[in-house]
Amino acid sequence: MNIHAYHEVQPDVLRADSERHVGQSVQRLEDPPLVQGQARFAGDINFPHQLHMRIVRAQVAHGRILHIDTEAARAMPGVIAIWTGKDVADIPPIPFRATTVQGLEPYCQPILAQDYVRYVGEPVAAVFAVDAYLAEDAADLIWPDIDPLPVVLDASGEVGEFLPGYSTEPTIIRKGYGDVDAAFAQAHAVVELDLSIGRHSGVPLECRGAIGRYDAARDVLEMYGAAKKTHWNRDEMAKMLNRSPSKFHLHGDHVGGGFGVRGELYPEDVLVCLAALRLRRAIKWIEDRREHLMATNHSRQQRHQVKAAVDADGRILGIRNTLFHDNGGYVRTHGPRVADMSAGLLLGPYRVPAYAVEAHYRLTNKTPCGTYRSPGRYETTFVRERLMDAIAHRVGIDVLEVRRRNLIGPEEMPYARPLDALGTDVVLDSGNYALLLDKTLDRIGWAEAQADIARRKAAGEVVGIGLAMFVEKSGLGPSDGVRITVDTAGDVELVTGAASVGQGMETALAQICADGLGIDYRRVRVVHGRTDQIAFGNGAHASRVTVMSGSATQIAAAKLRAKAIDIGAEMLGLTPEELDMTDGHVHARGVAAGRRIGLQDIARHVHAGSRTVGRRDPGLTAEGWFYSDHMNYPYGIHVAQIRIDAGSGQVEVERYLVSYDVGRAVNPMLIDGQIVGGLAQGLGGALFEEFTYDETGQPLSTTFADYLLVTAHEMPASVDVLITEDAPSPLNPMGMKGAGEGGTNAVGAAIAAAVDDALGQPGFVTRLPVLPAAIHRALARRT
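Quick caveat, the model's predicted, so the values are computed rather than measured.

A few words now on the overall build of the protein chain. Looking only at helices and strands, the protein chain features 19 helices and 32 strands. Over its C-alpha atoms the protein chain spans a radius of gyration of 28 Å, differing by no more than 12% from the 28 Å that the globule rule assigns to 783 residues. Reported as C-alpha extents along the three principal axes, the dimensions of the protein chain are approximately 90 × 70 × 50 Å. Excluding contacts between residues fewer than 6 apart, the proportion of contacts in the protein chain whose partners are at least 24 apart in sequence is 81%. Within the structure as shown, the protein chain displays about 28700 Å² of accessible surface, and the carbon and sulfur contribution to it stands at 50%. The protein chain carries 79 positive and 97 negative side-chain charges, and their two centres are separated by 2 Å.

We now examine the sheet that holds strand β26 (residues 585-588). Across the sheet, 3 strands lie side by side as β25-β26-β27; this open sheet has antiparallel pairing. In this open sheet, the two strands that pair with only one neighbour each are β25 (579-582) and β27 (596-598). Each strand axis lies, on average, 25 degrees off the axis of its neighbour in the sheet, ignoring direction. Note that β25 and β26 share 4 bridges and pair antiparallel. Note on β26: the bridge partner recorded for Leu579 is Ala588. Packing of helix α14 (residues 545-572) onto the sheet brings it into contact with β25, β26 and β27, and relative to β25 it is tilted by some 120 degrees.

A few words now on the sheet that holds strand β1 (residues 2-7). Note on sheets: strands pair through backbone hydrogen bonds, and any given pair is parallel or antiparallel. Within the open sheet, the 5 strands sit side by side as β1-β31-β30-β29-β21. Their pairing is mixed. Of all the strands in the sheet, just β1 and β21 (462-471) have a single pairing partner and so form its edges. In this sheet, adjacent strand axes meet at a mean angle of 10 degrees when their direction is disregarded. By the bridge criterion, 10 bridges tie β21 to strand β29 (residues 635-644) in an arrangement that is antiparallel. Across the sheet, the residue bridging to Val471 is Tyr635, located in β29. Its contacts with the sheet put helix α12 (residues 446-458) on β21, β29 and β30 (651-661), and the angle it makes with β21 is roughly 150 degrees.

In this structure the tally under the stated criterion is 58 salt bridges. In this structure, Arg403 and Glu385 form a salt bridge, with 2.9 Å as the shortest nitrogen-oxygen distance. Residue Arg403 is located in helix α10 (residues 399-406), and its partner Glu385 is located in helix α9 (residues 377-395); the two are separated by 18 residues in the primary sequence. The exposure class assigned to Glu385 is buried, which follows from its relative accessible area of 1%. Arg456 is paired through a salt bridge with Glu461; the nearest N and O atoms lie 2.9 Å apart. The exposure class assigned to Glu461 is partly exposed, which follows from its relative accessible area of 32%. Taken together, the shared-partner salt bridges in this structure form one network comprising Arg54, Arg57, Glu136, Arg208, Glu268, Glu287, Asp288 and Glu291.

For Asp340, the position within the fold is in helix α8 (residues 337-344). For Asp340, the side chain forms a polar contact with the main-chain nitrogen of Leu422, separated by 3.3 Å. For Asp340, the contacting residues outside a window of four places in its chain are Ile173, Lys175, Asp420, Ala421 and Leu422.

If you trace the backbone, Glu690 turns up in the loop between α16 (668-688) and β31 (718-724). Classification of Glu690 by relative accessible area gives buried; the value is 14%. It is 29 Å that separates the C-alpha atoms of Glu690 and Leu476, two residues lying 214 residues apart in sequence. Filtering out sequence-adjacent residues up to four positions away, Glu690 remains in contact with Gly198, Arg199, Ser701, Tyr707, Arg767, Pro769 and Leu771. Here the side chain of Glu690 touches Arg767 through a polar contact of 2.7 Å, side chain to side chain.

What counts as what
- Along each chain, residue indices are assigned from 1 in the same order as the chain's sequence is written.
- Thresholds applied to this predicted model are a pLDDT of at least 70 for local features of residues and 80 or more for the giving and counting of side-chain atom pairs; totals over whole chains, interfaces and linings are not thresholded and use all residues.
- Note: side-chain values were computed over all heavy atoms of the structure, leaving out hydrogens and water.
- Secondary structure elements are defined from DSSP: runs of H or I of at least 4 residues count as helices, runs of E of at least 2 residues count as strands, and each element is numbered from the N terminus.
- With the radius of gyration taken over C-alpha atoms, the globule rule is written as 2.2 Å times the number of residues to the power 0.38.
- Residue contacts are counted whenever heavy atoms from the two residues lie within 4.5 Å of one another.
- For the accessible areas, the method is Shrake-Rupley and the probe is 1.4 Å, while residue cover comes only from the protein chains on display.
- Under the counting rule used here, the positive set is Lys and Arg, the negative set is Asp and Glu, and His together with the chain ends is not counted.
- Just so you know, the charge point we use is NZ for Lys, CZ for Arg, CG for Asp and CD for Glu.
- Any two strands with at least two DSSP bridges between them are considered paired.
- Interaxial angle, 0 to 180 degrees, is taken between N-to-C directions of lines fitted to C-alpha atoms, where a helix line uses only the stretch in contact.
- When a carboxyl oxygen of Asp or Glu is within 4 Å of a side-chain nitrogen of Lys or Arg, the pair counts as a salt bridge.
- A simple rule labels every residue: compare its accessible area, found with a 1.4 Å probe on the protein chains alone, to the largest value its type can have, and call it buried under 20%, exposed over 50%, or partly exposed in between.
- Contacts described as polar in this section are N or O atom pairs within 3.5 Å, which, within protein, must combine one atom able to donate a hydrogen with one able to accept it, while residues neighboring in sequence count only if both atoms come from side chains.

In short, shape yes, function no, at least from these values alone.
Encoded structure:
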């Protein structure tokens, strides 16, 4: 695989001197411990006399628990305790995060099944033993007696019963604006599609893990192995366990991949903490791969019945969208967010005068769902771009031209849609979609590629090229804060409530901080994942860290710089207006070679034990907070060129381009890595990965032999990444937009278009993943 990346730096952000770090592809601060074998993952954390927890999981998809026989397991030497649902009935179910949708509480998941099981893999008992192997052997002796009940597996089929008085459709989300009936009444044509996205999810290299520990001497409960949402998880678990948050600390260390699924609040997290309290010993739980594939959040599975009313020129007059979201057995921490985002963000970069959506949020007897990289956008970009291609075919115009005719123009920005998503109004903050389309076509050499595809088709090859446009979202508020402190050696500590899940946030925040203070970014140590170090934090999700935490860092660095100059003025006998700060020193403006005072000297000057601290608050430190009411919206385009093996139907991706406008790039190398990694996951959902079930709800994808991850072999032979900065966000001082999910967003849509083109069958792909058997049948029909 060859990777080419081009960062198109705008002239007005060219760096003035060599000390500037923002915009530079500096090396990651996170890498040395990872590449030297010194990282600390959950599996590396141990405490003296710890116990190991093993979960007994339901083997049927839906049923009533009659009895759980634990006697044989309890008799095994070394087994300390075994819990079933009765032992934890006093612990409330796991809650979900903020949503405007009401009435979902009865559908939340208990930490061990209470009376009923609702999916294969649901925890029904927990074994605590002196070693992990013994715990697993004991768990094998526990066989729950469960009376099977009918299963619900099709979210678009009949609604079933969750509990007496509660159906398996907890809510229907409705949004819309404009006169949709009038749009369809005056339409030149109506284009209608029935599209489905399969069930897949994040599969990190490191499975989940959690270690609970209670320190009776300090009356402090701790959990190690946290990630993503440490503060929210701490606060909610504290409520569940009836503890004060100030006596409950979560610790996040290295994480072997997050992707949305790792770091949510799961039953196992609560169980290790509860057991640490009750048993007064550290409790360790490490998930195995089979557990991960059937117990960790799934995602994506939706069916869309979508219609577009268009005029004779292919301009959209209105869209109706009915979707069925398959959320699995319970409402987990995300609540209905994916369905809600699918409803609110389907329209992408296009002007749509009228829109109506009805999202059926359904529970089935499958693994519960959450978010997975680009949630709600991967699905809706596939639907929307399929629709655009179908409109082009219907009215007889080129697929590029139909997009150009419907794109929102830069002069229309900011573009407010009468919709909401994630509890915020949808206002596209900035963008020049047509310009990026031009740059993309030029970068890929669209005309030449089309000619080459035509030549190869004439020679008998099954080859095609497809394109898809998308709008991402990032920078979810409402707030984020950091604290920056300079110690008496001149080193800088930045404490944040954001989380590192491998995305490079330590490096990005250090770059922003370093530019603010005029120092080398390698002098900045970023502390994260510690609820005992900072009172508030919003973790890492929704592509928000660089925007929210980065903006807070810029504010804190500016405050600290002003404070250092103010103190330096006192030490130099000058006014602050006469001073500047470069290379970590305060000096007279314009005479950097004269008397200089280092940050370490200033830190000593205001140290609490110094006689010079005077009446001021001691320490060279500052906090910065950034607030935002609206998300911002990066945007991009994917182009896929494929070849199909006529004998097997297997798709080979020959060439792939992702162009992406991020407003302002803090570290282009990190963005490039995010995009290429996201592309791999998007390809998985487009061509390989799918969780399937038999008719009784038994999962059929519980090993890597059945759940087919993309490897280096399946990646495109050539990957090209174009990073642009044409539309800085007006919503933060640096103009930044998030970059974590743009590599995934449009892969399914672009691959679908390329497969259609290769087969010469517009509209052939109606579901993801598109598998070789379906393509092979299509090829057979051609002959």
